[in-house]
Amino acid sequence: AGVGSAYLTAAPTTPGPMEKKGQAQSTQTTQVPDGMLSEGPLTEEDPDEQFCSSQCRSAGYCCNDYRVGSSQMVSCAQACTMRARGSRYEDMGTDRNGICKRDGQSGCRLEVNGQSYSFCQRCSDLQASCPHGVQSSDACDFGARLNPAGSRLLLG
């Protein structure tokens, strides 16, 4: 599918094939800007985060908790969450020279729409397909094309 043709929707999902029953929620411990630890599951009260995590996990991406990023790259879940919080694909896509155009030298933090994102942590959901977490900007581009409930419907 080309840019502008990917419109995705999803309902809440059950645990995927790599998960055991009862492990559908993701729990992470994350260093936050003020130096305190933030720990907790993604909950039903966070429908956009649940949507993003589920869609990105189903597509085979790692780092599916938007609070945790790695490799100095934007994860699929982080990009999707940025969309939910008002970012447009045209400001994000690698092909648009956007936020997704990062590499291993891009830095550990970025503020987008007033939310701080970190990219220098170790994700807890690593798999053979993504042993280092965020493997490339493809993860961000995929997440930036998703349409969580809070996002604008147009991809840009």
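Residues numbered from 1 in each chain as written. Predicted model: local features only at pLDDT ≥ 70, side-chain atom pairs only at ≥ 80, totals over all residues. Heavy atoms only, no water.

Asker: Could you give me a rundown of the state of the cysteines, with the residues and numbers involved?
Answerer: For the structure on display, the rule yields six disulfides. The disulfide bridge from C52 ends at C80, spanning 2.0 Å between sulfur atoms. An S-S torsion of about -70° defines the bridge between C52 and C80 as left-handed. A residue pair is termed long-range when its members are at least 10 positions apart, and C52 in helix α1 (residues 47-58) and C80 in helix α2 (residues 76-84) qualify at 28 residues. By the burial criterion, C52 is buried, and C80 matches it. Between the sulfur of C56 and that of C76 lies a disulfide, 1.9 Å long from S to S. Between C56 and C76 the disulfide shows an S-S torsion of about -75°. By sign, it is left-handed. (Disulfide = S-S within 2.5 Å. Helix = DSSP H or I, 4+ residues; strand = E, 2+ residues; numbered from the N terminus. Buried < 20%, exposed > 50% of the residue type's maximum accessible area, 1.4 Å probe, protein only.)

Asker: Run through the packing of α1 against α2, naming residues and quoting values.
Answerer: Running from N to C, α1 and α2 point in directions that differ by 145°, and their axes come no closer than 9 Å. Crossing handedness for the pair α1 and α2: right-handed. Contact residues: α1 offers D48, E49, F51, C52 and C56, while α2 offers C76, A77, C80, T81 and A84. Looking at the contact of α1 with α2 residue by residue, the class counts come to seven nonpolar, one polar and two charged. (Axes fitted to C-alpha atoms, helices over the stretch in contact; angles between N-to-C directions. Left-handed = near helix turned anticlockwise from the far one by under 90°. Contact = heavy atoms within 4.5 Å. Nonpolar A, V, L, I, M, F, W, Y, C, P; charged D, E, K, R; others polar.)

Function cannot be inferred from these measures alone, as they are strictly geometric.
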